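# Tertiary structure, described
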Amino acid sequence: MSSAQFPIRRMRRLRRTGALRRLVQETHLVPSQLVWPLFVRHGEGLRTPVTAMPGVAQLSTDELAKEAERAAALGLGGIILFGIPASKDATGSEAHDEQGIVQQAIRAVKRAVPQLLVIGDVCLCEYTDHGHCGVLRDGDVDNDSSVYLLGKIAVMQARAGVDLVAPSDMMDGRVAGIRKALDAGGFSHVPIMSYAAKFASAFYGPFREAAGSTPQFGDRQSYQMAVGNGDEAMKEIQLDLDEGADIIMVKPAGPCLARISL
Ligand SMILES: [Zn+2]
């Protein structure tokens, strides 16, 4: 790198033409870096529009398979699946059922497009009747029994053929719990992408409508983080890495770019 100063050094020289700009472009955004979130529900031939997100629909597994083929043709990095169960209960039973909607969806996509990367959202909020990301005890989300169920969900998804699991719940110790459950189930090759620093945010509102996961009382502030807490975010990220997370995530990304660049 030359230490020459203006007018010897003129940064704009390399910006003059499209060809020059292409040559020195530092960051490339390509389809293989993108993951497409898809919402799957029971039924056949269904595309139920999500009013909060125009163009987005809840899909039955046959329609989902078509979108998966599109994703592969576009060269996308993969798809991530969120399930809408037939019925909800206190422990989110369908999430960890062999015949749960996401497990069915994973199998359908793998049959249609085996080479497409399929990620499973691992959480309970779409499946619990109270809409929280874990099971309740005395009116609050109980950490350790929730972690146990999250491990079960991950194993069920792995059995169905998922390529990667993505816990989005923010329980303490869940990456370690899921890793242990996967390894014990014979799935030591399945990576974990954790929502390591997930801030409580109104940005999730439309997504909750799509996934049918709005909490029926209270909010998620006893497990998701306060948006101003940067030091705590770094601790959460380090803990998840120490517990064996293969990929970590900061969410919501847009307003948290300062965190991501650290
Ligand atoms: Zn959740």
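As a starting point, this report considers the structure included with it. (Residues numbered from 1 in each chain as written. Predicted model: local features only at pLDDT ≥ 70, side-chain atom pairs only at ≥ 80, totals over all residues.)

### What to know about the overall build of the protein
Cut-off, in case you're wondering: The helix count covers DSSP runs of H or I at least four residues long, the strand count covers runs of E at least two residues long, and both are numbered beginning at the N terminus. Here exposure depends only on C-beta density: within 10 Å of a residue's C-beta, 20 or more other C-beta atoms make it buried, 12 or fewer make it exposed, and intermediate numbers make it partly exposed, the C-beta atoms being placed from the backbone. Residues are defined as contacting one another if the C-beta atoms placed from their backbone atoms lie within 7 Å.
Helix and strand counts for the protein stand at 8 helices and 10 strands. Its C-alpha atoms give the protein principal-axis dimensions of roughly 70 × 40 × 40 Å. Evaluated residue by residue, the protein yields a buried proportion of 37% over its 262 residues. Here the analysis covers contacts within the protein between residues at least 6 apart in sequence; of these, 72% occur between residues at least 24 apart.

### Brief notes about the sheet that holds strand β8 (residues 164-167)
The test is simple: Two strands pair under a simple rule: DSSP has to find at least two bridges between them. Comment: axis = line fitted to C-alpha atoms, over the contacting stretch for helices; angle = value between 0 and 180 degrees taken between N-to-C directions.
Read from one edge to the other, the open sheet built from 6 strands follows the order β2-β3-β1-β4-β5-β8, with strand pairing classed as mixed. Edge positions in the open sheet fall to β2 (47-49) and β8, since each of these has one partner strand only. Across the sheet, the mean angle from the axis of one strand to that of its neighbour is 35 degrees, orientation sign disregarded. Across 3 bridges, β2 lies against strand β3 (residues 57-59) in antiparallel orientation. When the sheet's bridge partners are listed, Thr48 is paired in β3 with Gln58.

### Here's the deal with the nonpolar core
Basically, it comes down to this: Any nonpolar core is a set of buried residues, restricted to Ala, Val, Leu, Ile, Met, Phe, Trp, Tyr and Cys, that join up through C-beta atoms within 7 Å.
Grouped together as the largest cluster of nonpolar side chains are 59 residues, with contacts concentrated most on Val40, Leu81, Ala154 and Ile178. Apart from residues no more than four positions distant in its own chain, Ile178 is found in contact with Val122, Leu150, Gly151, Ala154, Val165, Pro167 and Ile192.

### A word on the packing of helix α2 (residues 61-73) against helix α3 (residues 101-112)
Under the convention used in this document: For classification purposes, an angle smaller than 35 degrees is called roughly parallel, one larger than 145 roughly antiparallel, one from 65 to 115 roughly perpendicular, and anything else oblique. Crossing handedness is read from the near helix: turned anticlockwise from the far helix by less than a right angle, it gives a left-handed crossing, and turned clockwise, a right-handed one. Side-chain classes are defined by residue name, with Ala, Val, Leu, Ile, Met, Phe, Trp, Tyr, Cys and Pro counting as nonpolar, Asp, Glu, Lys and Arg as charged, and the others, Gly among them, as polar.
Where α2 contacts α3, the two axes come as close as 9 Å, and the packing angle between them is 45 degrees. It follows from the interaxial angle that α2 and α3 lie oblique. When you trace α2 past α3, the crossing you get is right-handed. For the pair α2 and α3, contact is made by Thr61, Leu64, Ala65, Ala68 and Glu69 and by Gln104, Ala105, Ala108, Val109 and Ala112, respectively. A per-class count over the contact of α2 with α3 returns 7 nonpolar, 2 polar and 1 charged.

### Comments concerning helix α5 (residues 174-184)
Within the sequence span of α5, burial applies to Arg174, Val175, Gly177, Ile178, Arg179, Ala181 and Leu182. The inward-facing, buried residues of α5 contact β5 (118-122), α4 (143-160), β8, β9 (193-198) and α7 (230-243).

### Concerning α3
Note the threshold: In this scheme, a helix's expected span is set at 1.5 Å multiplied by one less than its residue total.
With 12 residues, α3 should reach 16 Å at 1.5 Å per residue; the first-to-last C-alpha distance of 16 Å fits that figure. Among all positions in α3, only Ile101, Val102, Gln103, Ala105, Ile106 and Val109 are buried. Those residues of α3 hidden inside the fold are in contact with β1 (35-41), α2, β4 (78-84), β5 and α4.

### Some points on unusual backbone geometry
Looking along the chain, the bond that leaves Phe6 and enters Pro7 is cis, with omega of 10 degrees. The omega angle of the peptide bond from Lys251 to Pro252 is 0 degrees, so this bond is cis rather than trans. Relative to the assigned elements, Pro252 resides in the loop between β10 (247-251) and α8 (257-260). Despite not being glycine, Asp138 has its phi angle at roughly 50 degrees, a positive value. Residue class for Asp138 comes out exposed when judged on the 5 C-beta atoms lying within 10 Å of it. With phi around 75 degrees, Met170 is a residue other than glycine that occupies positive phi space. The buried category is assigned to Met170, around which 25 C-beta atoms lie within 10 Å.

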